[in-house]
Structure formats: C-alpha cells, structure tokens
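Listed below, chain by chain, are the residues.
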Amino acid sequence: MNTEEAGLTATLALRRTALLCAGLMAVVVVASAFLRHHGASAAQQTAWAGELALARQVHRVAATLVLIGAVVLVVLARRARSPRVLLAWNLIGVGLLLSVVGVMARASRAAPVVLINLLGGLTMLALCLRLAASDKRVGIDRRGQGLACPGPVEIDQGGGLVERDTDQSVMRDAGVLD
C-alpha cells in the first residue's frame, strides 16, 4: 500500500468514525434532554427514578465513547494529513469543557449550565457531522487553503472573496454560451 492509498484508507476510517461519533452524540443529546425534562421536579424524579438512572448511565457511556472517538479522529486526521485535524481537536476541547461543567455543576438547572450543555452538545454534534462530510462539500478546502463556499466565490486565507470557476463560466470562456 503506497502513501496515497494509506491516506485514502485513513480518510475513509476518519469519516466512518466521525459518523459513529455523530450517532453517539445524538444519543447524548436525547438522553440529556430526557434528564432535563423528567428530572425537573421531585415528583417526576420519584415517578421516573428507574428511567432517569438508565438515561444518566446511557448519557455517561455515550459521552465517554464520543471522547474516545474524538481522540481516534485526531489520530486518523493526522494520518490522513487532513486539515480536519483542527476540527477533531475542537471536538476534544468541547467534550472536555462539557465534562468539567458536568462534574462541577452536577444536576444544576441554572440557565448558564443549561445553555452551555445545550450549545456544547449541539456543537459537538455539528463537529462530528462536519468531520464525516466529504471535503468536496462546503467547509474546508481540500488543499487547506481557505474556506470553500457554495456558489461562484470562495474565501481565501486573507478573508477576501475569490471567484471560482463554475461550469457556466468555463463554457462562457470557451465561447459556448455567447
């Protein structure tokens, strides 16, 4: 297996692992919502005690697996020499932040804690989905040279807009659409 084939294999493994992490993050978000909704009052806590305990364990196991998956994503992104390595590091950072908030705040219903958990969980889900997406889609330019945008322009490293060749502009330049 040559270097290019190894990079393609690592990229495929990266995308599959990211998709698995996205599925686990969906489980974490749903379990977290269940815990917040059904653990709001003492009456609900006693009525839903078994389900709350199960949801708490599912939440912890899935979140731990996502963090392990994030470490694997960093390794795979580095092996594939992908610019996605920064996204994988961000996934680890947000996961660690949420872990610290979870330990410090426990079952707090304070608005800042709820907001951090909500935004952090959805950010992690978005990062997983972006890591699973193809480089050909909107986001990271395959060359790592800037941010690709839909439409006839893209953003270069300096933040300026650069016109991108589209099928019509190529055909117009060739004299087909005159």
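Residues numbered from 1 in each chain as written. Predicted model: local features only at pLDDT ≥ 70, side-chain atom pairs only at ≥ 80, totals over all residues. Heavy atoms only, no water.

S.K.: Explanation requested: the overall build of the protein chain in the structure shown.
M.R.: Along the backbone of the protein chain there are six helices and four strands. Looking at the protein chain as a whole, 30% of its 178 residues are labelled buried. A total of about 11200 Å² of accessible surface is found on the protein chain, and carbon and sulfur atoms cover 64% of it. (Helix = DSSP H or I, 4+ residues; strand = E, 2+ residues; numbered from the N terminus. Buried < 20%, exposed > 50% of the residue type's maximum accessible area, 1.4 Å probe, protein only. Areas by Shrake-Rupley, 256 points an atom, 1.4 Å probe, with all protein chains shown as cover.)

S.K.: I'm lost on the packing of helix H4 (residues 85-105) against helix H5 (residues 111-132) in this one. Help?
M.R.: Each pair of packed helices can be described by the angle between their axes along with the distance between the axes. Closest axis-to-axis distance for the H4/H5 pair is 10 Å, and the angle between their directions is 155 degrees. Relative to H5, the element H4 is oriented roughly antiparallel. Relative to H5, H4 is oriented so that their crossing is left-handed. In this structure, H4 contributes Leu 87, Ala 88, Asn 90, Leu 91, Val 94, Gly 95, Leu 98, Val 101 and Ala 105 to the contact, and H5 contributes Val 113, Ile 116, Asn 117, Gly 120, Gly 121, Thr 123, Met 124, Leu 127, Cys 128, Arg 130 and Leu 131. (Axes fitted to C-alpha atoms, helices over the stretch in contact; angles between N-to-C directions. Parallel < 35°, antiparallel > 145°, perpendicular 65-115°, else oblique. Left-handed = near helix turned anticlockwise from the far one by under 90°. Contact = heavy atoms within 4.5 Å.)

S.K.: What is the right way to read a positive patch on the surface from this model?
M.R.: A cluster of basic side chains, namely Arg 56, Arg 60, Arg 106 and Arg 109, defines a positive patch on the protein surface. By the element assignment, Arg 106 lies in the loop between H4 and H5. Under the relative-accessibility criterion, Arg 106 is labelled exposed at 62%. (Patch = residues over 30% accessible without salt bridge, like charges linked within 9 Å, V, L, I, M, F, W, Y side chains within 5 Å. Salt bridge = Lys/Arg side-chain N within 4 Å of Asp/Glu carboxyl O. Lys, Arg positive; Asp, Glu negative; His and termini not counted. Charge placed at Lys NZ, Arg CZ, Asp CG, Glu CD.)

S.K.: Which parts of the structure should I look at to understand the packing of aromatic side chains?
M.R.: Between two aromatic rings, the relevant description is the distance of the centres plus the angle of the planes. In the structure shown here, the tally under the stated rule is one aromatic pair. With a centroid separation of 5.7 Å and an interplanar angle of 80 degrees, the aromatic rings of Phe 34 and Trp 48 are classed as edge-to-face. With Phe 34 in helix H1 (residues 3-38) and Trp 48 in the loop between helix H2 (42-47) and helix H3 (49-79), this residue pair connects regions lying 14 residues apart in the sequence. Judged by its relative accessible area of 24%, Phe 34 is partly exposed. (Phe/Tyr/Trp six-rings, centres within 6.5 Å; stacked < 30°, edge-to-face > 60°.)

S.K.: Mind showing me how you'd approach the confidence of the model for the protein chain here?
M.R.: As a note on interpretation, predicted positions should not be read in detail where pLDDT is low. Within the protein chain, residue pLDDT values average 79, and 71% of them lie at 70 or more. Across residues 144-150 the pLDDT falls below 50, and counting only partners more than four positions away or on other chains, this stretch makes 23 contacts in the model. Throughout residues 170-178 the model reports pLDDT below 50, and contacts reaching past four residues in sequence, or to other chains, amount to six contacts. (pLDDT = per-residue confidence, 0-100.)

S.K.: Could you clarify how one ought to interpret the packing of H3 against H4 in this entry?
M.R.: The geometry of H3 relative to H4 is characterised by a closest axis approach of 8 Å and an angle of 160 degrees between their N-to-C directions. What the angle tells us is that H3 and H4 run roughly antiparallel. Note that H3 runs across H4; the crossing there is left-handed. Contact with H3, carried on its side by Leu 67, Ala 70, Val 71, Leu 73, Val 74, Ala 77 and Arg 78, involves Val 85, Ala 88, Trp 89, Leu 91, Ile 92, Gly 95, Leu 96 and Ser 99 of H4 and no other residues of that element.

S.K.: When you look at unusual backbone geometry in this model, what are you seeing that I'm missing?
M.R.: What you tend to see is this: most non-glycine residues have negative phi, and most peptide bonds are trans. The backbone phi angle of Arg 81 is positive, close to 55 degrees, even though this residue is not glycine. Along the chain, the position of Arg 81 falls in the loop between H3 and H4.

S.K.: Teacher, can you tell me more about the state of the cysteines here?
M.R.: One covalent bond between the sulfur atoms of two cysteine residues makes up a disulfide. Using the criterion set out here, one finds zero disulfides in the structure. Free of any disulfide, Cys 21 has its nearest cysteine sulfur in Cys 128, 5.0 Å distant. Look at Cys 21 and you get buried, because its relative accessible area is 2%. (Disulfide = S-S within 2.5 Å.)

S.K.: Explain the nonpolar core here, please?
M.R.: One recurring pattern in soluble globular proteins is that nonpolar side chains are buried together. Core analysis: the biggest nonpolar cluster contains 25 residues, and Met 25, Leu 73, Leu 91, Met 124, Cys 128 and Leu 131 have the highest contact counts within it. Sorting the residues of this core by element identifies H1, H3, H4 and H5 as the ones contributing at least two each. (Core = buried A, V, L, I, M, F, W, Y, C linked by side-chain atoms within 4.5 Å.)

S.K.: Explanation requested: the environment of Ala 18 in the structure shown.
M.R.: As for its placement among the helices and strands, Ala 18 is situated in helix H1. Judged by its relative accessible area of 0%, Ala 18 falls in the buried class. Taking the C-alpha atoms as reference points, Ala 18 and Cys 128, 110 residues apart in sequence, are found 5.2 Å from one another. In this view, Ala 18 contacts Leu 73, Cys 128, Leu 131 and Ala 132; residues no more than four positions away in its chain are not counted.

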